[in-house]
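So you can see what is in the structure, the chains are spelled out below.
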Amino acid sequence: MTRIGLLQCDHVDERFRPIAGDHVDMFGALLPTVDLVPYAVCDGTLPASPDECDGWLATGSRRSVYDDEPWIHALAGFVGDVREAGAPYAGICFGHQLLAHALGGRVARAAIGWGAGAHDMEVRDREPHTVTLLYMHQDQVTDVPDGGTVLGSTDHCPVAMLRVGSSMLGMQAHPEYPAAYIEALLDARAARIGEEKVAAARASLARPLDAAVAAAWITDVLGGRASA
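Presented here is an overview of the structure given in this document. Since we're looking at a predicted model, the values are computed, not measured.

Take the overall build of the protein next. Summing up its helical and strand segments, the protein has 9 helices and 11 strands in all. In summary, the protein has a C-alpha radius of gyration of 16 Å against a globular reference of 17 Å for 228 residues, a match within 12%. A principal-axis box enclosing the C-alpha atoms of the protein has dimensions of 45 × 40 × 35 Å. Looking at the 228 residues of the protein, the share that counts as buried comes to 55%. The contacts of the protein with a sequence gap of at least 6 include a subset with a gap of at least 24, amounting to 71%.

So, on to the packing of aromatic side chains. Using the criterion set out here, one finds 5 aromatic pairs in the structure. Ring geometry for tryptophan 56 against phenylalanine 78: centres 5.0 Å apart, planes inclined by 85 degrees, an arrangement best described as edge-to-face. Of this pair, tryptophan 56 sits in strand S3 (residues 55-58) while phenylalanine 78 is found in helix H3 (residues 70-85), placing the two residues 22 residues apart along the sequence. Per residue, the accessibility class of tryptophan 56 equals that of phenylalanine 78, and both read buried. Taken together, a centroid distance of 4.7 Å and an interplanar angle of 85 degrees make the contact between tyrosine 177 and tyrosine 181 edge-to-face. Like tyrosine 177, the residue tyrosine 181 is buried in the burial classification. Following the ring pairs from residue to residue traces out a cluster consisting of Phe16, Tyr177 and Tyr181.

This next bit is on the nonpolar core. Leu7, Trp56, Leu75 and Tyr89 are the most contacted members of the largest nonpolar core, which totals 30 residues. Those elements that provide at least two residues to this core are strand S2 (34-39), S3, H3, helix H4 (94-102) and strand S10 (161-164). By residue number, the principal contributor to this core is H3, which donates 7 residues. Beyond its immediate chain neighbours, meaning those up to four positions away, leucine 7 contacts Tyr39, Val41, Pro47, Trp56, Leu57, Ala58, Thr59, Leu75, Phe78 and Tyr89.

This structure, assessed with the given rule, holds 10 salt bridges. Look at the salt bridges and you will find they share partners, linking Asp10, Asp13, Arg15 and Arg62 into a network.

This paragraph deals with unusual backbone geometry. For the bond from glutamate 127 to proline 128, the omega torsion is -5 degrees, close enough to zero to count as cis. Mapped onto the elements, proline 128 comes out in the loop between strand S6 (115-123) and strand S7 (130-137). For cysteine 93, which is not glycine, the phi torsion reads 55 degrees and is therefore positive. Within the secondary structure, cysteine 93 is located in the loop between strand S4 (89-92) and H4. Positive phi is not limited to glycine here, since aspartate 125 has a value of about 65 degrees. One can find aspartate 125 in the loop between S6 and S7. Exposure remark for aspartate 125: the relative accessible area of 63% places this residue in the exposed category.

Here is what the cut-offs are and how they apply
- Residues numbered from 1 in each chain as written.
- Predicted model: local features only at pLDDT ≥ 70, side-chain atom pairs only at ≥ 80, totals over all residues.
- Heavy atoms only, no water.
- Helix = DSSP H or I, 4+ residues; strand = E, 2+ residues; numbered from the N terminus.
- Rg over C-alpha atoms; globule rule 2.2 N^0.38 Å.
- Buried < 20%, exposed > 50% of the residue type's maximum accessible area, 1.4 Å probe, protein only.
- Contact = heavy atoms within 4.5 Å.
- Phe/Tyr/Trp six-rings, centres within 6.5 Å; stacked < 30°, edge-to-face > 60°.
- Core = buried A, V, L, I, M, F, W, Y, C linked by side-chain atoms within 4.5 Å.
- Salt bridge = Lys/Arg side-chain N within 4 Å of Asp/Glu carboxyl O.

Here is the structure:
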């Protein structure tokens with residue numbers, strides 16, 4: 001089984017952990033064919049080398065990739081090392097933005113405001129051409145790095161999925177989140193997100209989701225399918 005280093009860029013609040021656990025639990029449920037090795041990078045635990053695992057998976061975070069935090073600077077440097085080593089990498093939400101930020105792209109607070117709930121992503125160069133996934137973010141990738149290709153866009157997020165080379169994938173959506181966790185976040189962040197967007201996001205949670213499709217794309221990049 002492929003060993004994938006899970007770069008934990010945050011932890012789920014204790015009050016929400018009864019829903020689906022911490023990030024390692026959610027990704028474990030999403031990607032059962034890989035062996036996840038957790039690294040709490042948000043707590044200062046950074047891998048010594050890209051060779052420690054067969055590939056790398058970076059989680060979401062409440063932080064922004066442009067925050068002046070030592071662990072974020074160190075992690076961005078590590079992502080650069082991963083690219084130099086040609087190791088597989090997949091980034092989700094913050095991890096997606098980190099891929100762009102670390103390699104010379106740009107990330108900024110979205111002028112449109114929060115992206116929350118289920119949205120359709122129009123996909124290029126792969127099938128299906130439309131997938132429905134869950135979102136919860138304020139920042140977006142605004143400029144892809146050199147060598148980057150936009151693979152997917154939504155009505156609220158032009159760079160919803162990107163590829164750098166053949167072994168690095170970024171995805172703004174949260175395929176690992178169950179709808180119940182998004183609902184809990186909507187309740188907790190209602191004042192910040194805004195009443196109208198929260199109502200629309202709550203209504204969207206009843207839609208069928210394509211998390212399994214996103215999981216297959218992530219697994220393909222990380223190499224897990226070939227070893228399963």
